[in-house]
Amino acid sequence: MADTMQFDLVSPEKSLASAQVTEVQIPGAEGDLTAMPNHAPLITTLRPGILKTAGPEGAIEYVVTGGFAEISAAGTSVLAERAVPVSEMTQELLDEFVSEAVASRDNATAEALDALAKQAADIAAIGAYMGLSPKGA
């Protein structure tokens, strides 16, 4: 289809998605963006957030904790540090994400503290979006 593009989402654990989509909303580190067919080439880092896809098969949302996105005219590929479909997110998994972010923050050098504090806050915001309340933040 001319109005769709290839979308691939992978994490170190597995491939989560490979589909034709009409758009991908990406939580970029420098701001949210939407990739669509024939998008100008771009590589960006991800911040923790909700990555959303829309296409002929419907809309799907994924929780991502960071990573990279490569956007081209032909499609969008996302390599996520961790990714989980929103439909599979649980309180326990959110708590694990928050605990990892807090542990990284607590063991960080002074230079990295601001970025890690932002990461922990972003993960807590993911929980609020889904109606979950993280522990340990």
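Above this text you will find the structure in question.
Since the structure is predicted, the reported quantities are computational estimates derived from the model, not experimental observations.

Let's talk about the packing of helix H1 (residues 91–106) against helix H2 (residues 113–129)
Between two packed helices, both the angle of their axes relative to each other and the distance between the axes serve to describe the pair.
Phase 1 of the analysis: With their axes 8 Å apart at the nearest point, H1 and H2 run at an angle of 170° to one another. Taken together, the axes of H1 and H2 lie roughly antiparallel to each other. Together, Leu-94, Phe-97, Val-98, Ala-101, Ser-104 and Arg-105 of H1 and Leu-113, Leu-116, Ala-117, Gln-119, Ala-120, Ile-123 and Gly-127 of H2 make up the contact between the two elements.
Phase 2 of the analysis: Residues of the contact of H1 with H2, tallied by class, amount to nine nonpolar, three polar and one charged.

Some words on the environment of Gly-49
Phase 1 of the analysis: Position of Gly-49 among the secondary structure elements: in strand S6 (residues 49–55).
Phase 2 of the analysis: Among the residues examined, Gly-49 registers a relative accessible area of 4% and is labelled buried.
Phase 3 of the analysis: Leave out the neighbours within four places in its chain, and Gly-49 touches Pro-27, Tyr-62, Val-63, Val-64 and Ile-126.

As for H2
Phase 1 of the analysis: Taking 1.5 Å of rise per residue, the 17 residues of H2 would be expected to cover 24 Å, and the 24 Å separating its terminal C-alpha atoms lies within 8% of that figure.
Phase 2 of the analysis: All of the buried residues in H2 are Leu-116, Gln-119, Ala-120, Asp-122, Ile-123, Ala-124, Ile-126 and Gly-127.
Phase 3 of the analysis: Among the structural elements, S6, strand S7 (58–64) and H1 are those in contact with the buried residues of H2.
Phase 4 of the analysis: Gly-131 occupies a position one or two residues after H2 and carries a positive phi of about 80°.

With respect to the pattern of salt bridges
Side chains that carry opposite charge are capable of pairing whenever their charged atoms lie near each other.
Phase 1 of the analysis: This structure, assessed with the given rule, holds four salt bridges.
Phase 2 of the analysis: Residue Glu-61 is joined to Lys-52 by a salt bridge in which the shortest nitrogen-to-oxygen separation is 4.0 Å.
Phase 3 of the analysis: Overall, the relative accessible area of 25% leaves Glu-61 in the partly exposed class.
Phase 4 of the analysis: Take Lys-52: its relative accessible area is 26%, and that puts it in the partly exposed class.

Details of the nonpolar core
Phase 1 of the analysis: Membership of the largest hydrophobic core comes to 19 residues, with the highest contact counts inside it found for Phe-7, Leu-9, Val-24, Ile-26, Leu-51, Tyr-62 and Val-78.
Phase 2 of the analysis: Those elements that provide at least two residues to this core are strand S1 (5–10), strand S2 (15–21), strand S3 (23–28), strand S4 (31–35), S7, strand S8 (67–71) and strand S9 (75–80).
Phase 3 of the analysis: What Phe-7 contacts, discounting residues up to four positions off in sequence, is Ala-17, Ser-18, Ala-19, Val-21, Val-24, Leu-51, Thr-53, Tyr-62, Thr-76 and Val-78.
Phase 4 of the analysis: By size, the runner-up hydrophobic cluster in this structure holds 15 residues, among which are Val-84, Met-89, Ala-120 and Ile-126.

Looking at unusual backbone geometry
Phase 1 of the analysis: The backbone of Asn-38 sits at a positive phi, close to 65°, despite the residue not being glycine.
Phase 2 of the analysis: Relative to the helices and strands, Asn-38 resides in the loop between S4 and strand S5 (42–46).
Phase 3 of the analysis: Its relative accessible area of 61% is what places Asn-38 among the exposed residues.

Conventions and cut-offs
- Residues numbered from 1 in each chain as written.
- Predicted model: local features only at pLDDT ≥ 70, side-chain atom pairs only at ≥ 80, totals over all residues.
- Heavy atoms only, no water.
- Axes fitted to C-alpha atoms, helices over the stretch in contact; angles between N-to-C directions.
- Helix = DSSP H or I, 4+ residues; strand = E, 2+ residues; numbered from the N terminus.
- Parallel < 35°, antiparallel > 145°, perpendicular 65-115°, else oblique.
- Contact = heavy atoms within 4.5 Å.
- Nonpolar A, V, L, I, M, F, W, Y, C, P; charged D, E, K, R; others polar.
- Buried < 20%, exposed > 50% of the residue type's maximum accessible area, 1.4 Å probe, protein only.
- Expected span 1.5 Å × (residues − 1).
- Salt bridge = Lys/Arg side-chain N within 4 Å of Asp/Glu carboxyl O.
- Core = buried A, V, L, I, M, F, W, Y, C linked by side-chain atoms within 4.5 Å.

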